Amino acid sequence: MSAAGRGDWRWEQGPQVVAIGGGTGLSTMLRGLKQHTRHLTAIVTVADDGGGSGMLRQDLGMPPPGDIRHCMEALANVEPVMEQLLSYRFPKDSGSLGGQAFGNLILAALNGISPSFDQAVARMSEVLAITGRVLPVTNENVALEAAFENGTHVVGESKIFAFKKAQDCRIESVRLLPERPPALPEALNAIAQADLILLGPGSLYTSVIPNLLVDGIAQAVQASDALKIYICNIMTQDGETEGMSASDHVAALLHHSGPGLVDLCLCNSAPVRPRLLERYKEEDAAPIVVDAEAIKALGVELVLRPLASETLDYARHSYTRLANAVMELYHERGETRIF
């Protein structure tokens, strides 16, 4: 543990932070936040049905382990060899294990000897001595359905990208099947006790919003007195949010939940390097346009901070910059509720 570290009173007495999402964005943010507080709870979507997670889901009937594993890797306090083991992927030409992450297999085995998936996650968290907690948003076996502006629908998180490209129109809404599955009680309790609630960064329709469709989650966030921040992505996402501005992202969140979900929208103000812009242009992605007045009209305050990494070969958040910005906002606004 660097930065604050174990034994540092500021880390020991840090705020209760709940981060809601999934995918790379959530795990990246957690790497930075664990330097500031020990009281971290990640609430993670279980709608993924692609890749190695999808294979285990289909073969074993378990919730997808991938996003959960990424978060546990980010919060783990283990030796480097264990870190390498967790993230190791078997070569694609290695038969039935091809492309599978070893960490997924560990979680699958724990799921086999545990009464429920959330208890399997808790056991793996103990093995990895993680900072804080990682919770699946629900134990139910759910699928994600997307509805498009032209009236078409597709079921399956992994199918949305290709289907959207073929339809060439925006996603209108998403829903879970079955609808309104029960939330994990520990997730609702964590939200109720939070000092700071973070939504994103991450894929808008496939990582962030699915959590809000679980029964009680959006309502618990709306009812919370915590400082609530939506962290907008730096770039639009090919096959999901092409052409969407920052206010479009916020509007989609509110459409799937209701007013009072977030207080602040945190957006990146640092320029994306020209070399990266060219690469993303080939993927039909671009920096998200930050339309301040439209965000304000939605009842949400815009906050701009330089959040983009200056070293990565992708236009992504720097976990250090992002965590520092989030904690600064909490210390400026959280206790006084000035926003």
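For the structure itself, consult the block above.
Here goes a summary of the coordinates provided. Here the structure is a predicted model, which is why all the values come from computation and not from measurement.

Time to look at the overall build of the chain. Secondary structure assignment for the chain yields 15 helices and 10 strands. Its C-alpha radius of gyration of 19 Å places the chain within 12% of the 20 Å reference for a compact globule of 339 residues. Along the three orthogonal principal directions, the C-alpha set of the chain runs to about 55 × 50 × 40 Å. Counting only residues that meet the buried cut, the chain has 54% of its 339 residues in that class. Just so you have it, the chain exposes about 14700 Å², and 51% of that area is on carbon and sulfur atoms.

The subject of this paragraph is the pairing of strand β9 (residues 264-268). For β9, a buried count of five out of five residues is recorded, marking the element as mostly surrounded by other parts of the structure. The side-chain alternation of β9 yields two buried faces, one formed by Leu 264, Leu 266 and Asn 268 and the other by Cys 265 and Cys 267. The pairing of strand β8 (residues 227-231) with β9 spans three bridges and is classified as parallel. Bridging across to β9, Tyr 230 finds its partner in Cys 265. Since β8 and β9 lie parallel, the crossover through helix α12 (residues 246-255) that links them has a hand, and here it is right-handed. Pairing of β9 with strand β10 (residues 301-305) involves five bridges; the strand directions are parallel. Along β10, the bridge assignment pairs Leu 264 with Glu 301.

Here we take up the side chain of Arg 57. If you trace the backbone, Arg 57 turns up in helix α3 (residues 51-60). Separated by 2.8 Å, the side chain of Arg 57 and the backbone oxygen of Asp 48 make a polar contact. Setting aside its immediate chain neighbours within four residues, Arg 57 contacts Val 46, Ala 47, Asp 48, Asp 49, Met 62, Pro 64, Asn 141, Val 142 and Ala 143.

For the rest of this paragraph, the subject is the sheet that holds strand β1 (residues 17-21). If you walk across this open sheet you meet the seven strands as β3-β2-β1-β7-β8-β9-β10, and the pairing is parallel. Looking at strand neighbours, the two that pair on one side only are β3 (133-136) and β10, the edges of this open sheet. With strand direction ignored, the average angle separating the axes of adjacent strands in the sheet is 25°. Seen against the sheet, helix α2 (residues 23-33) touches β1, β2 (40-44), β7 (196-199) and β8 and runs at an angle of roughly 165° to β1. Running at roughly 125° to β3, helix α9 (residues 185-193) makes contact with β1, β2, β3 and β7 of the sheet.

Right, let's get into the pattern of salt bridges. Pairs may arise between side chains of opposite charge once their charged atoms sit close together. This model, assessed by the stated rule, comprises 15 salt bridges. The residue Arg 38 makes a salt bridge to Glu 12 at a minimum N-O spacing of 2.8 Å. Taken together, the residues span a long stretch of sequence, with Arg 38 in the loop between α2 and β2 and Glu 12 in helix α1 (residues 9-12) at a distance of 26 residues. For Glu 12, a relative accessible area of 28% gives the class partly exposed. For Arg 333, the salt bridge goes to Glu 301, with nearest N and O atoms at 3.1 Å. One end of the pair, Arg 333, is in helix α15 (residues 319-334); the other, Glu 301, is in strand β10, with 32 residues separating them in the sequence. Via salt bridges that share partners, Lys 164, Lys 165, Asp 238, Glu 242 and Asp 284 belong to a single interconnected network.

All right, on to the sheet that holds strand β6 (residues 171-177) then. Strand order in the open sheet made by the three strands is β5-β4-β6, with antiparallel pairing throughout. Looking at which strands have only one partner, the edges of the open sheet turn out to be β5 (153-155) and β6. Here the average twist between neighbouring strands, direction ignored, is 20°. Here strand β4 (residues 143-148) runs beside β5; their pairing, made up of three bridges, is antiparallel. Paired with Ala 147 across the two strands is His 153, which belongs to β5. Most of the contacts of helix α8 (residues 160-167) go to β4, to which it runs at about 10°, and overall it touches β4, β5 and β6.

Further remarks concern the layout of surface pockets. Empty space within the second largest pocket amounts to approximately 190 Å³. Among the secondary structure elements, those contributing two or more residues to the lining of the second largest pocket are α7 (117-127) and β3. Per-element accounting of the lining of the second largest pocket gives the leading share, six residues, to α7. In terms of residue class, the lining of the second largest pocket is made up of six nonpolar, three polar and four charged.

Looking now at the nonpolar core. What tends to happen in soluble globular proteins is that the nonpolar side chains get buried as a cluster. In this structure, Val 134 and Leu 266 are the most contacted members of the largest nonpolar core, which totals 96 residues. A total of seven residues in this core trace back to one element, the largest contributor, which is α15. Leaving out residues up to four positions away in the same chain, Leu 266 has contacts with Ile 229, Tyr 230, Ile 231, Cys 232, Val 303, Arg 305, Leu 307, Leu 322, Ala 325, Val 326 and Leu 329. The next biggest cluster of nonpolar side chains, apart from the first, holds nine residues, and it includes Ile 234, Val 272, Ala 308 and Ala 315.

Basis of the calculations
- Residue numbering note: each chain is counted from 1, following its sequence as written.
- Note on the predicted model: pLDDT of at least 70 is required for a residue's local features to be given, and 80 or more for side-chain atom pairs to be given and counted; whole-chain, interface and lining totals, by contrast, use all residues.
- Water and hydrogen atoms play no part in the side-chain values, which are based on all heavy atoms of the structure.
- Secondary structure elements follow DSSP: runs of H or I of four or more residues count as helices, runs of E of two or more count as strands, with numbering from the N terminus.
- Atoms counted for the radius of gyration: C-alpha only. Globule rule: 2.2 Å times residue count to the power 0.38.
- Any residue under 20% of the maximum accessible area for its type is buried, any over 50% is exposed, and the rest in between are partly exposed; the area is computed with a 1.4 Å probe on protein chains only.
- Per-residue and other accessible areas were derived by the Shrake-Rupley procedure at a 1.4 Å probe size, with only the shown protein chains allowed to occlude residues.
- Should DSSP find at least two bridges between two strands, the strands are taken to pair.
- Throughout, right-handed denotes a crossover for which the path from the first strand over the helix to the second runs clockwise when the strands point away from the viewer.
- Under this definition, polar contacts are N or O atom pairs within 3.5 Å; protein pairs additionally need one hydrogen-donor-capable and one acceptor-capable atom, and for neighbouring residues in sequence, both atoms have to be side-chain atoms.
- Here, residues are in contact when the closest pair of their heavy atoms is within 4.5 Å.
- Lines fitted to the C-alpha atoms define the axes, with helices restricted to the stretch that makes contact. Angles between their N-to-C directions range from 0 to 180 degrees.
- Here a salt bridge means any side-chain nitrogen of Lys or Arg lying within 4 Å of a carboxyl oxygen belonging to Asp or Glu.
- Grid points spaced at 1 Å over the protein atoms alone were grouped into cavities, where a 1.4 Å probe fits but cannot get out, and pockets, open sets with protein on both sides within 12 Å along at least five of seven lines, with lining residues defined by an atom within 4 Å of a point.
- Grid points are joined across faces, edges and corners, and a volume is the space filled by probe spheres set on the points.
- Under the grouping applied here, Gly and all other residues not named as nonpolar or charged are polar, the nonpolar ones being Ala, Val, Leu, Ile, Met, Phe, Trp, Tyr, Cys and Pro and the charged ones Asp, Glu, Lys and Arg.
- Grouping buried Ala, Val, Leu, Ile, Met, Phe, Trp, Tyr and Cys residues that are joined through side-chain atoms within 4.5 Å yields what is termed a nonpolar core.

The values reported here are purely geometric and, on their own, carry no functional implication.
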